[in-house]
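Architecture at a glance
Chain residues, written in single-letter form:
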Amino acid sequence: MDAPEEPLPPVIYTMENKPIVTCAGDQNLFTSIYPTLSQQLPREPMEWRRSYGRAPKMIHLESNFVQFKEELLPKEGNKALLTFPFLHIYWTECCDTEVYKATVKDDLTKWQNVLKAHSSVDWLIVVVENDAKKKNKTNILPRTSIVDKIRNDFCNKQSDRCVVLSDPLKDSSRTQESWNAFLTKLRTSLLMSFTKNLGRFEDDMRTLREKRTEPGWSFCDYFMVQEELAFVFEMLQQFEDALVQYDELDALFSQYVVNFGAGDGANWLTFFCQPVKSWDGLVLRKPIDMEKRELIQKQEATVLDLRSYLFSRQCTLLLFLQRPWEVAQRALELLHSCVQELKLLEVSVPPGALDCWVFLSCLEVLQRIEGCCDRAQIDSNIAHTVGLWSYATEKLKSLGYLCGLVSEKGPNSEDLNRIVDLLAGLGAERPETANTAQSPYKKLKEALSSVEAFEKHYLDLSHAAIEMHTSIGRTRSARLVGKDLAEFYMRKKSPQKAEIYLQGALKNYLAEGWALPITHTRKQLAECQKHLGQTENYLQTSSLLASDHHVTEEERKHFCQEILSFASRQTDSPGHKIVLPLHCFAQLRDLHFTPSNAVVHVGGVLSVDITMCSQMPVPVHVEQIAINVHFSIEKNNYRKTAEWLTKHKTSNGIINFPTETSPCPASQNNLPALELYEMFERSPSDNSLNTTGIICKNAHMLLRRQESCASLETPSGVALEGGAHVLKCNDVTLEPGANRLMFRTQAKEPGTYTLRQLCVSVGPVRFVLPHLYPLVQYDVYSQEPQLRVEPLADSLLAGIPQKVKFTVTTGHYTVKNGDSLQLSNAEAMLILCHAENRAVIYSNTREKASDVLLRVQSSDKVTSISLPAAPAYHMIEFELEVLSLPSAPVTGGESSMLGMTEPHRKHKDTQKAGHCMATTDHKVSIDCPWSIYSTVIALTFSLPFRTTHSLLSAGTRKYIQVCVQNLSELDFQLSDGNLVDPGSADLQLVPLNAKSPQHTHSKQSVFFVWELKWAREPPPSLHCQFSVGFAPASEGQLSIPLKPYTYEFQVENFFTLYNVRAEILPPSGTEHCRTGSLCSLEVSITRLSGLLEVDKDEALSESDEYFSTKLMYEVVDNSSNWAVCGKSSGVISMPVVAQATHRVHMEVMPLFAGYLPLPDVRLFKYLPHHSAHSSQLDADSWIENDSLSVDKHVDDQLDSSSIKSRGSVHSASSSEHKGLPMPRLQALPPGQVFNSSMGVQVLVIPSKDDHVLEVSVT
């Protein structure tokens, strides 16, 4: 066997480490194969399946092949994985049986015995086949015999542990197949060994972690064990798994620190609580910081050492994972958490040491990221790194303040000693950064070397941080850095440079409503403005601070005294005024008008009470409080009477002002409400609660930028308004809190006055509220005298006394003694005078002023009302009684069959006739003392009654019925009903009424009836006058007698000319009519008188013996009880002779059983077609016909077949039908025709074969 090779160098903990595979046997053989093996092994990936349900991964296996030595085998208790040989391979190319028995077998036996002694079960035997040796040795056994011997001697049941590799150095398909089989077996064996040993290591590590509650457990020992696992993952290039191991160590240590802060401390934490002696920052430029690792291993590391090492390893793995921006994020979290951990652990840290460590660490992280990213990537990911820039700036500022580098005189000896101590804690610069010109070490050392160098570095960092924040839209953060920069400039006595940054920060705080930062920044700004001599701005800021409750009481008084001191000093220019906004001095709470409707007449007094809350901490004497009033006259000012203004004003007269009148409305009060929700995070394995917290779901609404708001600290720019209309209040002392102020003014000009600006004068300082919101106005009116007359009730009733209210609005006119109202009397309306009439005088606020007796004098034509004396803008109210004479409208012509009459044209009816009272208007002319023109008023009276009349007939006897309906809401007593016809002496009206008074309730009717009797021929028409006395039933004795109610009407054509009689006879042989059987209908028309004046018309014709007239009859049954069979109408020539009779026979059929009324028989005058006096028939009163066809040969008989359809007669324009002239029909008045069969009923019995009996009951 060849001589052993030189031992390999010791293991260095870097990512270049690979799993160790030992090689025994023929080393020269392996050396010849190694180049090909090292190339082929990682080429194909293998699927790595892990335990505990972890997802499988594809990995490329690489190995570090070393010569086999017994020293490499792990001893008992050694659990290091990096030096652990995962696989042992024995190489041989023996093809001779003798050689195998002599040397190879013994060597294999020793090799296996060593492996068994160390419990190593992962091994392979590789037999290399070489064709060249086969040719040289022809007496050797076949190849399979050596492989079989090895398998029988060493492999037993694991024959796959012996692998054959054929001609590995040749390029043939047989060689390639052999290589593939060998590499597959090698990868599988190596992966199986790796999985088994790694799983065992993880179990041991988990067991060790579970013992962390036992005494004597060491975090440093456990740290080394879990880091070993991380090294293995890194060795397999599984950087994510390696990062998880460091994150778990980080979380475990953080939890122990938190528990320590809660009082539950572990003993091993005392090793990390040693005083900090080195603060050289993070080391990120080499993969492993061996110095700090050794300190951890020896349990000599401080918290900063442990954190620095942990983060350096995390940084290395994150950079391998190409996640540099997560490095920046984690670094910022680490630096902040380290500061808190040192406080929790109460670690002794020299002043400024932690600032140095944070500053160096920030720059180290930034430079490390810049080293692995190009400039374009860095510029596009500023959001990830700008936090480190800001933190570095903050820590450098702290160092400058601590070491006296910001003070005006520079550092003293104590500061210099502190600088030396801090630089000593940095140690020597690391070799990896020694050649870097801008290394963090050099920057910090240079910044602490002098005041100028510190200022240069601090300004560079501050401006860079501001620029980065601004470029990514983080205006708030930029303003915060600017505020720190402003503090630096104030320390350097450069207030002009500090002001712009303070204004920017304050603007941001105001926009977001941060109360305490606003107060702090304002105090800094006040100091800055005082140094710059900005008097107006300084006074404004002082007033804001004096009214700020977040400032101490002493400071508030100081700033208030600053304002008062300035106001008491004599200024160089006496006319100079300082104008400041009012909200920083006081606030308006409410305003109250007296009178409350803010309406006053010319010459009246208006009071304005204002509640002003002073925000100053001490009483302040105010020379004057003025309210500028804008006066305007509207074009339609004539409409603005006192009543109109009162309706359009608030009733209470109180106007409340908003509590916050700041010009910058964006504050926390206006932000949306927080939407907070609980958040729980549970373990996916056992559903146990891991973390809980609160999240805000509308943070984007609460933290959004609000840049449109102007800063309060800018000059107010309020212009003082001037004008003639000013409300003033002089020499007032405003106490802290609410103060009541009263302003009084006397109205002079009518118009609208708007309170626009309020100004509080404290010496030359003017605190101004430029606009009062909501709008505050009062109105001054100048009203013309007016007279208004209105009824006290909803409507005036005619015929009875009614009360009317007179209202005299004096306006600007003063009513003197002797002034009176002159009323012209109407013919049908009386003004009733009573001795007890009184007048009441009211002020314009409806306060009663006096009550005096009213004198009313009446003559035939004029009624004079003497007015009592009253001042301007008062009201005089009194009541009078008026009486309208009752008279119903005169009706023309004949009443309808229902007795309905239409009202006269001079009367108006607002609703349908029969449902409301008729009305009549009475116009009265009134002469007023303040006007040369007369005032005309109209009083509308409603007639309480509606009267109708009707003509009733009983053969030739005639009756007149008058119906009086009470439409009002009152009850009346009706008496002495009378009906006369003054134009007819021979006519006698016989009353058939009761003599006693009739009581009629509301909506009820009373009927009066008279019988007409005459001795000679009656007149064609009657002109009747109806009168009845009435009085309200509920009232007692009236002061004056009431005139009776009258109603006039005419009755025409009331004499009966024709008597119509109808009779239905059952079929012959039967006693009663039956349904469905034809019955005989006989109609007889009898003339009752001779020729009268009413008969003389176109229908009248003269013959040798007598006069005759043409009539048309029609038989209809509107109730559908009878079916008229055959001819139902016809035209007859009726002699105008008394008792002349015409009979008509026709057949009808009853449709229902029962007592049925007879069909209707109607008569019409049959006029020739040229008649101009015929009237059209009602649609319901005419037969089924709208035109008649006249046969000129047969005038006497007009068959009903010529009737075409139901309807009224056509007009003259359609009077021709098929070339023939169309006749006219004229209905006879109801008084001229008497139907003696009306009301007669006929018994109809049902047919015998009817199964369904229908009975008509009427």
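See above for the structure.
Rules behind the numbers
- Residues numbered from 1 in each chain as written.
- Predicted model: local features only at pLDDT ≥ 70, side-chain atom pairs only at ≥ 80, totals over all residues.
- Heavy atoms only, no water.
- Patch = residues over 30% accessible without salt bridge, like charges linked within 9 Å, V, L, I, M, F, W, Y side chains within 5 Å.
- Areas by Shrake-Rupley, 256 points an atom, 1.4 Å probe, with all protein chains shown as cover.
- Salt bridge = Lys/Arg side-chain N within 4 Å of Asp/Glu carboxyl O.
- Helix = DSSP H or I, 4+ residues; strand = E, 2+ residues; numbered from the N terminus.
- Phe/Tyr/Trp six-rings, centres within 6.5 Å; stacked < 30°, edge-to-face > 60°.
- Buried < 20%, exposed > 50% of the residue type's maximum accessible area, 1.4 Å probe, protein only.
- Axes fitted to C-alpha atoms, helices over the stretch in contact; angles between N-to-C directions.
- Parallel < 35°, antiparallel > 145°, perpendicular 65-115°, else oblique.
- Left-handed = near helix turned anticlockwise from the far one by under 90°.
- Contact = heavy atoms within 4.5 Å.
- Nonpolar A, V, L, I, M, F, W, Y, C, P; charged D, E, K, R; others polar.
- Expected span 1.5 Å × (residues − 1).
- Pairing = 2+ DSSP bridges.
- Core = buried A, V, L, I, M, F, W, Y, C linked by side-chain atoms within 4.5 Å.
- Lys, Arg positive; Asp, Glu negative; His and termini not counted.
- Polar contact = N/O pair within 3.5 Å; in protein donor to acceptor, adjacent residues only side chain to side chain.

A surface patch of nonpolar side chains, amounting to about 330 Å² of accessible area, comprises L674, L676 and I694. Following the sequence through the fold, L674 ends up in the loop between β13 (654-656) and β14 (676-682).

Turning to the packing of aromatic side chains, a few remarks are in order. Scanning all chains against the criterion turns up 45 aromatic pairs. Arranged with centres 4.8 Å apart and planes meeting at 40°, the rings of F631 and Y753 form a pair that is tilted. Residue F631 is located in strand β12 (residues 620-632), and its partner Y753 is located in strand β18 (residues 751-762); the two are separated by 122 residues in the primary sequence. Ring centres of W1010 and F1026 lie 6.0 Å apart, and the angle between their planes is 75°; this geometry places the pair in the edge-to-face category. Here F1026 lies in strand β39 (residues 1021-1032) and W1010 lies in strand β38 (residues 1005-1014), a separation of 16 residues in the sequence. The two residues W1010 and F1026 agree in class, both being buried.

The interhelical angle for the contact between helix α7 (residues 239-261) and helix α9 (residues 303-320), taken along N-to-C directions, is 155°, at an axis separation of 9 Å. Overall, the two elements α7 and α9 adopt an arrangement that is roughly antiparallel. The way α7 lies across α9 gives a crossing that is left-handed. Here F239, A242, L243, Y246, D247, L249, D250, F253 and S254 of α7 lie close against α9, whose contacting residues are V303, L306, R307, L310, R313, Q314, L317, L318 and F320. Looking at side-chain class alone, the contact of α7 with α9 contains twelve nonpolar, two polar and four charged residues.

Turning to α7, a few remarks are in order. Taking 1.5 Å as the rise per residue, α7 with 23 residues should run 33 Å; its terminal C-alpha atoms sit 33 Å apart, in good agreement. When α7 is considered as a whole, its buried residues turn out to be F239, D241, A242, L243, Q245, Y246, L249, D250, L252, F253, Y256 and V257. Considering only its buried residues, α7 is in contact with β3 (57-59), α5 (173-210), α6 (219-235), α9 and α10 (324-344). A positive phi of about 100° marks G263, the residue just after α7.

With respect to topology, four strands assemble into an open sheet ordered β33-β34-β38-β36, the strand pairing being antiparallel. Among the strands making up the open sheet, the edge pair consists of β33 (945-954) and β36 (987-991). Direction aside, the axes of adjacent strands within the sheet are offset by 25° on average. Sheet topology places strand β34 (residues 957-966) next to β38; eight bridges connect them, and they run antiparallel. Pairing of K958 across the sheet is with L1012, part of β38.

Here we take up the sheet that holds strand β55 (residues 1241-1245). The three strands lie next to each other as β42-β55-β49, forming an open sheet whose pairing is mixed. Taken across any chain shown, the strands that pair with only one partner, and hence form the sheet edges, are β42 (1073-1074) and β49 (1154-1157). Summarising the sheet, β49 and β55 pair through four bridges and their orientation is antiparallel. What sits directly across from P1157, in β55, is Q1241.

Attention shifts here to helix α20 (residues 535-546). When the terminal C-alpha atoms of α20 are compared, their 16 Å separation across twelve residues agrees well with the 16 Å that a helix rising 1.5 Å per residue should span. The element α20 is extensively covered by neighbouring structure, given that ten of its twelve residues are classed as buried. Looking only at α20, the buried set comprises N537, Y538, L539, Q540, T541, S542, S543, L544, L545 and A546. On its buried face, α20 sits against α19 (515-532), α21 (553-568), β8 (578-581) and β19 (765-769).

When strand β24 (residues 820-824) meets strand β31 (residues 919-927), the two strands line up antiparallel, connected through two bridges. Note on β31: the bridge partner recorded for L823 is I926. Where β31 meets strand β32 (residues 934-942), nine bridges bridge the pair, whose relative direction is antiparallel. In the strand pairing of β32, H922 is matched with L939. Between β31 and β32, which pair antiparallel in sequence order, lie six residues.

So, on to the nonpolar core. If you look at the biggest cluster of nonpolar residues, it comprises 144 residues, and the most contacted ones within it are L37, W91 and F182. Among the elements that line this core, the one with the most residues is helix α11 (residues 353-372), at twelve residues. If sequence neighbours within four positions are ignored, L37 has contacts with F30, F65, W91, W179, F182, L183 and L186. Judged by nonpolar contacts, the second largest core, of 54 residues, contains F566, C584, V608 and V780.

Here we take up the side chain of E499. Tracing the sequence through the fold places E499 in helix α18 (residues 495-512). It is R522 that comes nearest to the buried, bridge-free E499 among opposite-charge side chains, at 13 Å. Residue contacts for E499: discarding those within four places in its chain leaves L525, C528, L532 and Q534.

Regular strands place side chains that alternate from one sheet face to the opposite one. Of all the six residues making up strand β1 (residues 20-25), six are buried; the element is thus mostly covered by neighbouring parts of the structure. Side chains of β1 alternate between two faces, with I20, T22 and A24 and V21, C23 and G25 buried alike. For β1 and strand β4 (residues 64-67), the ladder comprises four bridges, and the chain directions are parallel. If you follow C23 over to β4, its bridge partner there is Q67.

Turning next to the packing of α10 against α11. Direction vectors running N to C along α10 and α11 enclose 170°, while the axes themselves pass 10 Å from each other. Judged by the angle between their axes, α10 and α11 are roughly antiparallel. Each of P324, W325, V327, A328, A331, L335, C338, V339 and L342 in α10 lies in contact with α11, whose residues at this interface are L354, W357, V358, S361, C362, V365, I369 and C372. Grouping the amino acids of the contact of α10 with α11 by side-chain chemistry returns 16 nonpolar, one polar and no charged.

Secondary-structure assignment places L591 in strand β9 (residues 586-594). Looking at L591, the relative accessible area reads 0%, which means it is buried. Once the C-alpha coordinates of L591 and T611 are considered, the two residues, 20 residues apart in sequence, prove to be 6.4 Å apart.

What follows concerns unusual backbone geometry. For the bond from T594 to P595, the omega torsion is 5°, close enough to zero to count as cis. Structurally, P595 can be placed in the loop between β9 and β10 (599-601). Between Y773 and the following residue, P774, the backbone shows a cis peptide bond with an omega angle of 5°. By the secondary structure assignment, P774 is in the loop between β19 and β20 (776-781). For Q299, which is not glycine, the phi torsion reads 60° and is therefore positive. Assignment of secondary structure puts Q299 in the loop between α8 (290-297) and α9. The phi torsion at D731 lies on the positive side, around 50°, for a residue other than glycine. Relative to the helices and strands, D731 is located in strand β16 (residues 726-734).

Bringing the pattern of salt bridges into the picture now. Under the criterion given, the structure shown has 37 salt bridges. When the shortest N-O distance is used, the salt bridge between R293 and E227 registers 2.8 Å. Of the two residues, R293 is situated in helix α8 and E227 in helix α6; the sequence distance between them amounts to 66 residues. Summarising the burial analysis for this pair, R293 and E227 share the class buried. Here E790 and R788 are joined by a salt bridge, their closest N and O atoms 3.8 Å apart. If you follow the salt bridges from partner to partner, you end up with E240, D247, R323, E326 and R330 in one network.

Considering the arrangement of structural elements, one finds S390 in helix α13 (residues 382-402). Among the polar contacts made by the side chain of S390, one reaches the side chain of H469 at a distance of 2.7 Å. Ignoring sequence-local partners within four residues, the contact set of S390 consists of A465, H469 and V481.

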